[in-house]
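Now for the letters of each chain:
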Amino acid sequence: MSDDKSAAENFLDSAKAKVNEGADRLRAAGHEAASHLGGSTLDNAGDKAKAVEDRAKAEVHNAEANANFNEGKRESTDGDGH
């Protein structure tokens, strides 16, 4: 990460990204369920597409969380904490 954040700030950003990842995965599950319940093939396809989009967003948030966590871990072990 190029900005100068403390270990605590990086860990907080990691936690926020994990919350966002969970919300994205929950939305994806909702869209996936809706795609099996609707009567219209077009609506079902739209819900499937939204589920795919939300899963992709979840993967981005997961990568952000991992990067922030690793940066926080590095900051906490390099001796100065920021």
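Preceding this paragraph is the structure being described.
Residues numbered from 1 in each chain as written. Predicted model: local features only at pLDDT ≥ 70, side-chain atom pairs only at ≥ 80, totals over all residues. Heavy atoms only, no water.

### Some remarks on the pattern of salt bridges
Thinking step 1. Taken as a whole, this structure holds 12 salt bridges when the rule is applied.
Thinking step 2. Across the pair Glu53 and Lys57 runs a salt bridge whose closest N-O atoms are separated by 3.5 Å. Highlighted residues: Glu53 and Lys57, both in helix H2 (residues 41–77), separated by 4 residues, approximately one helical turn.
Thinking step 3. Looking at Glu53, the relative accessible area reads 43%, which means it is partly exposed.
Thinking step 4. Given a relative accessible area of 37%, Lys57 falls into the partly exposed group.
Thinking step 5. Salt bridges linked by common partners bring Lys18, Glu21, Arg25 and Glu59 together as one network. (Salt bridge = Lys/Arg side-chain N within 4 Å of Asp/Glu carboxyl O. Helix = DSSP H or I, 4+ residues; strand = E, 2+ residues; numbered from the N terminus. Buried < 20%, exposed > 50% of the residue type's maximum accessible area, 1.4 Å probe, protein only.)

### Concerning the environment of Ala65
Thinking step 1. Tracing the chain through its elements places Ala65 in helix H2.
Thinking step 2. Owing to a relative accessible area of 1%, Ala65 belongs among the buried residues under this scheme.
Thinking step 3. Considered as a pair, Ala65 and Ala28 are 37 residues apart in the sequence and their alpha carbons are 19 Å apart.
Thinking step 4. Leave out the neighbours within four places in its chain, and Ala65 touches Ser14, Ala17 and Lys18. (Contact = heavy atoms within 4.5 Å.)

### Focus on the packing of aromatic side chains
Thinking step 1. Summed over the entire model, instances satisfying the criterion amount to 1 aromatic pair.
Thinking step 2. With centroids separated by 5.4 Å and ring planes inclined at 50°, the aromatic side chains of Phe11 and Phe69 adopt a geometry described as tilted. Highlighted residues: Phe11 in helix H1 (residues 7–37) and Phe69 in helix H2, separated in sequence by 58 residues. (Phe/Tyr/Trp six-rings, centres within 6.5 Å; stacked < 30°, edge-to-face > 60°.)

### Looking at H2
Thinking step 1. In this model H2 runs 54 Å from its N-terminal to its C-terminal C-alpha over 37 residues, within 8% of the 54 Å that 1.5 Å per residue would give.
Thinking step 2. Taken together, the buried positions of H2 are Asn44, Asp47, Ala51, Asp54, Ala58, His61, Asn62, Ala65, Asn68, Glu71, Gly72 and Glu75.
Thinking step 3. Buried residues in H2 make contact with H1.
Thinking step 4. For H2, the N-terminal cap is Ser40; the gap from its side-chain oxygen to the backbone nitrogen of Leu42 is 3.3 Å. (Expected span 1.5 Å × (residues − 1). Polar contact = N/O pair within 3.5 Å; in protein donor to acceptor, adjacent residues only side chain to side chain.)

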